[in-house]
Amino acid sequence: MRINNKEFREWTADDLQVLLKNDAYRENNFIEYKVNFASLIDKNHRKEKQAEFRNDVCSFANADGGYIFYGIGETFGVASILMGISIPNIDRFELDRRNELQAIRPTVPEVDFSFISLQDDKYVVVLHIQRGMYKPYITEEPEGQFHFYIRHGNKKQAMSYTEIRNGFLNAAMLSEDIKIFRKERLEEHITEMKKPFALVQVIPATFRSDYVPVYNMYREGKLNFDALFNGMIYDRAVPNVDGVYFPDYSKQRDFEKLQIFNNGTVELKIDFEIREQNSRSQQLKTERYLITFDFLDELKKLIQGTSQMHQKLGRSTAMYVCVTIVGCKDLWNYTVNAYGANTPTKVDRNQIVCTPIEIRNIQDDEQVREGIENCIRMTKYSLGIRL
């Protein structure tokens, strides 16, 4: 949602004036106004109000996401007055709220906080709840009571059996659809296989329904692929039926191919370097060694570039990093130190399909860093490299 053509993080007290008596911003499936934060006011029923807060967040996450404005009064669903909330310490306020959300299952949905200063140490607190990727979300209250809520219109309602069932089915379908997509793309590259290679896809959880016109955004200067994926691109972007790709007509660097899909997926195919050297134990025998250093460095850059691209797009969806390795069976893993724990090992199979590594929010730098570390660790283990 934009106010005065500004995004969520840019809103000021002056921008909030636009909401007042404006039917265009009436409470609906995406907007709710609350004059105060109930658990701070009604201390006699604090636990009940904290549960209500969790249920409100779940209701938006189980629908299509939205915004809750605390400190704005409403009349018949239309914002009527900026009251603000007295908050002595906004960092402590946010920490307490995030702690209260820990009772949500299966995991806490993505929630962003913004504190818009009014006067006299009062703030309008805006919560931006992202559309949940792991729905249905439930709140687990004391004594084993579970509650499913969803936002319909201007209110939260208990989820129906069908809505709950569809939520669980959708989660299962996402995993299966990612498998199908990986298989289709792998078959495409195997047909032109020249050397052992790795195929990496960074797939958004929304890839089945999302559409990003990447070539148009490139032409309009909104996406600078050279800056985002530095070192992986050797010519200008060319559109195709899936999105854009970057051909190397000179055939000097055709060992590396980058593809960016209109569904938000980024894919890199890179051929492995293979070195030959004499065996230490049998001087007359030549062994072939798999070199992974360049690949792991490119893997890191691919994830970082994808993160930056989605920051430009303003999308904070969950991502799944999928690594598939083909044609490396019986190759030795090259190591700098070939003694002790780092003694080389052989790859034990011809096709390695690594378990997807999840990055819950591709815009979160810390989660991206952890995702890169987990992905590199998983890839090394899958090749039989001992750490």
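## Some points on a nonpolar patch on the surface
On the surface, a nonpolar cluster with roughly 230 Å² of combined accessible area is contributed by Val 35, Ile 81 and Met 83. Within the secondary structure layout, Ile 81 lies in strand 4 (residues 78–82). When its relative accessible area of 39% is taken as the criterion, Ile 81 is described as partly exposed.

## A look at the sheet that holds strand 10 (residues 145–152)
With antiparallel pairing, 4 strands are arranged side by side in an open sheet as 6-9-10-11. Edge positions in the sheet fall to strand 6 (104–105) and strand 11 (155–158), since each of these pairs with one other strand and no more. Looking at chain direction, strand 9 (residues 138–141) and strand 10 are connected through 4 bridges and run antiparallel. When the bridges of strand 10 are listed, Glu 141 appears paired with Gln 145. Along the sheet, helix 3 (residues 46–61) makes contact with strand 6, strand 9, strand 10 and strand 11, crossing strand 10 at roughly 50°.

## Overview of the pattern of salt bridges
Across all of its chains, the model carries 26 salt bridges by this definition. In this structure, the salt-bridge partner of Lys 34 is Glu 52, at a minimum N-O distance of 3.9 Å. Of the two residues, Lys 34 sits in strand 1 (residues 31–34) while Glu 52 sits in helix 3, which places them 18 residues apart along the sequence. Since its relative accessible area comes to 27%, Glu 52 is described here as partly exposed. One salt bridge connects Glu 366 with Arg 369, and the closest N-O pair in it is separated by 2.4 Å. In this pair, Glu 366 and Arg 369 are both assigned in helix 9 (residues 365–383), 3 residues apart and thus about one turn of the helix distant. Residue Glu 366 is classed as partly exposed on the basis of its relative accessible area, which comes to 39%. A residue is classified by how much of its surface remains accessible, and Arg 369, at 38% relative accessible area, is partly exposed.

## As for the packing of aromatic side chains
For any two aromatic rings, the description comes down to two numbers: the centre-to-centre distance and the angle of the planes. Inspection of the entire model under this criterion finds 20 aromatic pairs. Where Phe 115 meets Tyr 123, the ring centres are 6.3 Å apart and the plane angle is 90°; that geometry is what we call edge-to-face. With relative accessibility at 18%, the residue Tyr 123 sits in the buried group. Aromatic rings pair up to connect Phe 37, Phe 53, Tyr 70, Phe 93, Phe 113, Phe 115 and Tyr 123 into one cluster. Over the ring of Phe 93 we find Arg 97, and its NZ or CZ is 4.6 Å from the ring centre. Lying over the aromatic face of Tyr 334, Arg 275 brings its terminal NZ or CZ to 5.5 Å of the ring centre.

## Considerations on the nonpolar core
By size, the foremost hydrophobic cluster in this structure holds 46 residues, and its most contacted members are Phe 225, Phe 229 and Ile 260. Here this core takes 7 residues from helix 8 (residues 293–313), the largest share from any one element.

## Comments concerning the pairing of strand 12 (residues 197–204)
Burial runs high along strand 12: 8 of the 8 residues are buried. Going residue by residue along strand 12, you find Phe 197, Leu 199, Gln 201 and Ile 203 tucked away on one face and Ala 198, Val 200, Val 202 and Pro 204 tucked away on the opposite face as well. Bridge analysis of strand 12 against strand 16 (residues 266–271) gives 6 bridges, and the strand direction is antiparallel. What sits directly across from Leu 199, in strand 16, is Lys 269.

## Quick look at the environment of Glu 140
Checked against the element boundaries, Glu 140 lands in strand 9. Put simply, Glu 140 and Gln 102 are 38 residues apart on the chain and 9.6 Å apart in space, counted from C-alpha to C-alpha.

## Here we look at helix 5 (residues 161–190)
Helix length check: helix 5, at 30 residues, gives a terminal C-alpha distance of 44 Å against a target of 44 Å (1.5 Å per residue), a fit within 8%. Along helix 5, the residues that are buried comprise Ile 164, Gly 167, Leu 174, Ile 178, Phe 181, Arg 182, Arg 185, Leu 186 and His 189. Where helix 5 is buried, its residues touch strand 10, strand 12, strand 15 (256–261), strand 16, strand 19 (319–326) and strand 21 (351–353).

## As for the sheet that holds strand 20 (residues 332–333)
Strands sit in the order 17-18-20 across an open sheet of 3 strands; the sheet is mixed. Every interior strand has two partners, whereas the edge strands, strand 17 (273–278) and strand 20, have only one. The pairing of strand 17 with strand 18 (residues 286–291) spans 6 bridges and is classified as antiparallel. In the strand pairing of strand 18, Glu 276 is matched with Arg 288.

## Some words on the pairing of strand 1
Taking every second residue as pointing to the same face, both faces of strand 1 are buried, with Ile 31 and Tyr 33 on one and Glu 32 and Lys 34 on the other. Pairing of strand 1 with strand 2 (residues 66–70) involves 4 bridges; the strand directions are parallel. Within strand 2, the position partnered with Glu 32 by the bridge is Ile 68.

## Quick look at the environment of Tyr 334
Summarising the element assignment, Tyr 334 is placed in the loop between strand 20 and strand 21. Once residues lying within four places of it in the same chain are set aside, the contact partners of Tyr 334 are Arg 275, Gln 277, Tyr 289, Leu 290, Ile 291 and Phe 293.

Here is what the cut-offs are and how they apply
Residues numbered from 1 in each chain as written. Predicted model: local features only at pLDDT ≥ 70, side-chain atom pairs only at ≥ 80, totals over all residues. Heavy atoms only, no water. Patch = residues over 30% accessible without salt bridge, like charges linked within 9 Å, V, L, I, M, F, W, Y side chains within 5 Å. Areas by Shrake-Rupley, 256 points an atom, 1.4 Å probe, with all protein chains shown as cover. Salt bridge = Lys/Arg side-chain N within 4 Å of Asp/Glu carboxyl O. Helix = DSSP H or I, 4+ residues; strand = E, 2+ residues; numbered from the N terminus. Buried < 20%, exposed > 50% of the residue type's maximum accessible area, 1.4 Å probe, protein only. Pairing = 2+ DSSP bridges. Contact = heavy atoms within 4.5 Å. Axes fitted to C-alpha atoms, helices over the stretch in contact; angles between N-to-C directions. Phe/Tyr/Trp six-rings, centres within 6.5 Å; stacked < 30°, edge-to-face > 60°. Lys NZ or Arg CZ within 6 Å of the ring centre and 35° of its normal. Core = buried A, V, L, I, M, F, W, Y, C linked by side-chain atoms within 4.5 Å. Expected span 1.5 Å × (residues − 1).

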